[in-house]
There are 2 protein chains.
Amino acid sequence: MGTITQRSVADILDIRRRHLNPNLSVSYQQPLKIVKGSGQYLFDDKGNRFLDMVNNVCHVGHCHPRVVAAGVEQMGKLNTNTRYLHDGLAEYALRLTAQFPDPLEVCFFACTGTEANDLAIRLAAAATGGDQLICVDHAYHGHSPTLIEISPYKHNGSGGAGAPDHVHTVPVPDLYRGLYRENDKTAGQRYAQHVQQVCESLSVSGKRLSAFFCESLLGCGGQIVLPPDYLRTAYQAVRRHGGVCVADEVQVGFGRVGKHAWAFELQDVVPDIVTLGKPIGNGHPMSAVITTRKIADAFMNGMEYFNTFGGNPVSCAIGLAVLDVIEEEQLQQHALETGNVLLSRLRELERRHELIGDVRGEGLFIGIELVSDRQIREPDAAGADKVVELMRHRDILLSTDGPDHNVIKIKPPMTFSIEDAEWFLSEFGAVLDEIY
Amino acid sequence: MGTITQRSVADILDIRRRHLNPNLSVSYQQPLKIVKGSGQYLFDDKGNRFLDMVNNVCHVGHCHPRVVAAGVEQMGKLNTNTRYLHDGLAEYALRLTAQFPDPLEVCFFACTGTEANDLAIRLAAAATGGDQLICVDHAYHGHSPTLIEISPYKHNGSGGAGAPDHVHTVPVPDLYRGLYRENDKTAGQRYAQHVQQVCESLSVSGKRLSAFFCESLLGCGGQIVLPPDYLRTAYQAVRRHGGVCVADEVQVGFGRVGKHAWAFELQDVVPDIVTLGKPIGNGHPMSAVITTRKIADAFMNGMEYFNTFGGNPVSCAIGLAVLDVIEEEQLQQHALETGNVLLSRLRELERRHELIGDVRGEGLFIGIELVSDRQIREPDAAGADKVVELMRHRDILLSTDGPDHNVIKIKPPMTFSIEDAEWFLSEFGAVLDEIY
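Caption draft 1: Seen up close, helix α7 (residues 187-205) of chain B. Residues and elements named next belong to chain B. Look at α7: 28 Å from first C-alpha to last across 19 residues, which is about the 27 Å you get at 1.5 Å a residue. By the burial criterion, the buried members of α7 are A187, G188, Y191, A192, H194, V195, V198, C199 and L202. For α7, the secondary structure elements touched by its buried residues are β5 (132-136), β6 (167-170), β7 (209-215) and α8 (230-240). In the stretch just after α7, G206 is the one whose phi turns positive, near 75°.

Caption draft 2: Quick peek at the relation of the copies chain A and chain B. For the pair chain A and chain B, the best superposition has an RMSD of 0.0 Å and corresponds to a rotation of 180° with a translation of 0.0 Å parallel to the axis. Between the two chains, the operation in question is that of a two-fold axis. Closest approach to the rotation axis among the C-alpha atoms of chain A is made by V72 of chain A, whose C-alpha sits 2.8 Å away. Mapped onto chain B, 99% of the interface residues of chain A again fall at the interface, so both copies present the same surface.

Caption draft 3: Examining the sheet that holds strand β1 (residues 34-38) of chain B more closely. Residues and elements named next belong to chain B. Within the open sheet, the four strands sit side by side as β1-β2-β3-β14. Their pairing is mixed. Strand pairing shows two members of the sheet lacking a second neighbour, β1 and β14 (396-397), which therefore form its edges. Of the pairings in the sheet, the one linking strand β3 (residues 49-52) to β14 comprises two bridges and is parallel in character. By the bridge assignment for β14, L51 is matched with I396.

Caption draft 4: Looking closely at helix α2 (residues 65-75) of chain A. Residues of α2 of chain A that are buried: V67, V68, A70, G71, Q74 and M75 of chain A. Burial along α2 of chain A is one-sided: seen end-on, the buried residues are contained in an arc of 160°. In α2 of chain A, those exposed residues whose orientation departs by more than 90 degrees from the buried face are P65 and E73 of chain A. Where the residues of α2 of chain A are buried, they touch α10 (313-328) of chain A together with α2 (65-75) and α10 (313-328) of chain B.

Caption draft 5: Region of interest: the domain arrangement of chain A. All names here are of chain A. When cut into domains, chain A gives domain 1 (9-60 + 330-435) and domain 2 (66-328). Computed over C-alpha atoms, the centres of domain 1 and domain 2 are 25 Å apart. Of the residues lining the interface, 36 residues belong to domain 1; the matching set on domain 2 comes to 37 residues. For the pair domain 1 and domain 2, the two sides together bury roughly 3,000 Å², of which 54% comes from carbon and sulfur. When residues of domain 1 are sorted by the area they lose upon contact with domain 2, E362, F365 and R377 head the list and together hold 27% of the total. If you look at where domain 1 meets domain 2, you find four salt bridges.

Caption draft 6: How the structure looks around the interface of chain A and chain B. Taken together, the 112 residues of chain A in the interface contact 111 residues of chain B. Along the contact surface separating chain A from chain B lie four salt bridges. Of the charged contacts in the structure, one is a salt bridge between D87 of chain B and K33 of chain A, with a shortest N-O distance of 2.8 Å. Put simply, chain A and chain B have 65 residue pairs in polar contact (both at pLDDT 80 or more) between them. No other element matches the nine residues that helix α3 (residues 87-97) of chain A contributes to the side of chain A that touches chain B. Its residues assigned to classes, the side of chain A that touches chain B comprises 51 nonpolar, 37 polar and 24 charged.

Caption draft 7: Here's a closer look at the packing of helix α3 (residues 87-97) of chain B against α10 of chain B. All names here are of chain B. As a packed pair, α3 and α10 sit with axes 9 Å apart at the nearest point and diverge in direction by 40°. Classified by the angle their axes make, α3 and α10 are oblique. Relative to α10, the crossing made by α3 is left-handed. Here α3 contributes G88, L89, E91, Y92, R95 and L96 to the contact with α10, which in turn contributes C316, G319, L320, L323, D324 and E327. Of the residues assigned to the contact of α3 with α10, the class counts are six nonpolar, two polar and four charged.

Caption draft 8: Here's a closer look at unusual backbone geometry. Residue and element names in this part refer to chain A. Residues D102 and P103 are joined by a peptide bond in cis, for which omega reads 0°. Inspection of the secondary structure puts P103 in the loop between α3 and β4 (104-110). Notably, D395 is not glycine yet its phi reads approximately 70°, a positive angle. Within the secondary structure layout, D395 lies in the loop between α12 (381-392) and β14 (396-397).

Caption draft 9: Highlighting the sheet that holds strand β2 (residues 41-44) of chain A. Residues and elements named next belong to chain A. Pairing within the open sheet is mixed, and its four strands lie in the order β1-β2-β3-β14. Edge positions in the open sheet fall to β1 (34-38) and β14, since each of these has one partner strand only. Where β1 and β2 come together, four bridges link them in antiparallel fashion. If you follow S38 over to β2, its bridge partner there is Y41.

What counts as what
- Residues numbered from 1 in each chain as written.
- Chains lettered and ligands numbered in written order.
- Predicted model: local features only at pLDDT ≥ 70, side-chain atom pairs only at ≥ 80, totals over all residues.
- Heavy atoms only, no water.
- Helix = DSSP H or I, 4+ residues; strand = E, 2+ residues; numbered from the N terminus.
- Expected span 1.5 Å × (residues − 1).
- Buried < 20%, exposed > 50% of the residue type's maximum accessible area, 1.4 Å probe, protein only.
- Contact = heavy atoms within 4.5 Å.
- Least-squares fit on C-alpha atoms with pLDDT ≥ 70 in both.
- Pairing = 2+ DSSP bridges.
- Arc of directions from axis to C-beta.
- Domains from an automatic or database assignment.
- Buried area = accessible area lost by both parts, 1.4 Å probe.
- Salt bridge = Lys/Arg side-chain N within 4 Å of Asp/Glu carboxyl O.
- Polar contact = N/O pair within 3.5 Å; in protein donor to acceptor, adjacent residues only side chain to side chain.
- Nonpolar A, V, L, I, M, F, W, Y, C, P; charged D, E, K, R; others polar.
- Axes fitted to C-alpha atoms, helices over the stretch in contact; angles between N-to-C directions.
- Parallel < 35°, antiparallel > 145°, perpendicular 65-115°, else oblique.
- Left-handed = near helix turned anticlockwise from the far one by under 90°.

Pasting the structure below:
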């Protein structure tokens, strides 16, 4: 009692097999036993250092001393619920809402991205009186029963039961592989017309629209940057039909895209509801929903929203420290500069390597799409898997995503440096040479 | 930046009004600004000490040094997800599952009680192929859209839309105020017959039962102890009709009931799924679901369950420390002894005070039902509110619950002592004298 036994990889795998959710996979063919994290690096039990290029949760760097200190100080002092008054909650509510354009001014605190999106569903229903939902194909918004319904990544994947009647799926606005492509300057508007068509057919059938959910950059959809005019056009249609627009920033918020604090700003829109998660607490379980006064007031129907752990003093102290670090270390600007270097160097690699079909991204959110045939854009999932495994043996951690599992996804802690980028590019180039 | 401004109660309330979820109430007419917690005590900004008799989340005491130390150590070392191997996760999975009787042996980690119950819904659906759910009247199982459907406390309260067609509500097995009362020795079985009737009518109509959800002691239902034979009889009916039995221990687990580690053990049953939350991490956002190998395997349908923060190294370190403290400080035995003293002294008070209609509980989970007329058991919500407000001015924190808002709820941190009990009893007696 009181100590944690040090176990071998085989023993840990055995315990997981016997006692842990069998429905949870481990990364890599040779799983890693990670014991320490610092900045953009993870360390295994043998002292090997790995460059973490895939964990966007530890946003300002694993175990950032400033964030840890804030959590440590508050944990020893007080950690209780929001029915009492606390300076930390007031400060954090002020600071967090100040990061958003008008009229986004009211926040709700919860514990996970799933809780945030589930709350967004409730807010939208209260504000609109509708129950019809629109989501984008291949999207993932969370693992609760309700969110699986608007997550084609889940409900159309194995074990899924498809979309229920009240959920309407629009095509992925993917300029590389979708219905309308990079040579079509009106692609964004054309993709948005599918949203409009759903709105119109709901009107005709007398059904009431609640919300259009869209990640501000598409994660499971394949690290996709929305085409120009997509959200602006789609939001107009949704609002014209009485619905509200939800921007899911759980994966991409807090300056990751470089040019802006929030990825929806790339599209020059202001959503009605924004959901925040993963990076918000640098790994501490917390999340938030930001909305307008009008929607928050519509939610005042007598049913209280109380979240046991949401907005507790420790979460607020940690959330504030994350905002401080982003600002003091100018991580948004850093993400822009590092991301631009990475993108332009990857585009050079793309010219040399037939395997790379597309390179896309914003800031430190980048996708590299691998293909076995550039002409027909044939997805190469096996190649992507191989790259990820080979890179792991070169001490660089990556993973794949996208409907065809052929997109290498890059979303490292924001402290990822130009030197890390050089290291990655050199190893990545070597791996491509090796397998091509 | 970097500091948290100290604000007045009025200023904090103003910020909350402008920027925070308006749908969240603050405790007490004169809200408390709490700045510190230690053991069973909370301290306000003026240095006043309050006895916390209502927070079951800070289970082993506010800011328990052992738990804080475990969190602090791990926060500075590593906090990442469960796709890598970690000794803490293996140890905690072993230790936590060892607390349960066979065949409960597989655990899933999540972040909140809501996430745990939402996962239980999914597990039950996978195991049974059914979608019909049975819940107990006035129950509360969480705030997600799916859980509001099985929470009459929410969906039948203000702003609620009632139960959907696939949810079937059975009467609260309340021996004081329900259909069958304390003088009926077969009340438990008679209440369970309502569960059986639902099962039978589902069979007749060809609908498929998924799960029967029941808190092992009823919280929002009014701090109710289940009558003998209730769960045993209900579980038999549910299983006979192909359903699974879910024990929601989010409020009452981890030794609170004194006689056992889990409140379902009071009923001499073994559930198919147990959900854990609030006390599991002493305030750290974490939760778990424990189930059988059979159900876990049925969940292996290809759709992965991954929870970003669930089971991370910090949560596991904290969860282990909580288990250690419960064991080392013998808090379960302590809850039994202190609870018994409290219950017997409250029953003495009941004989002297007409206002007390009923005293009930197990260990440190106690309800005191206030009535304005003992003969007709007329609920006295105003009296209960008054008692709570007056006790707050005597530095003791309580709250009310139950469908009629007339039940004073007692569920303090488990370190609540005999001396605290004496203090409470003396003040409580004085307050009853004052208002009666």
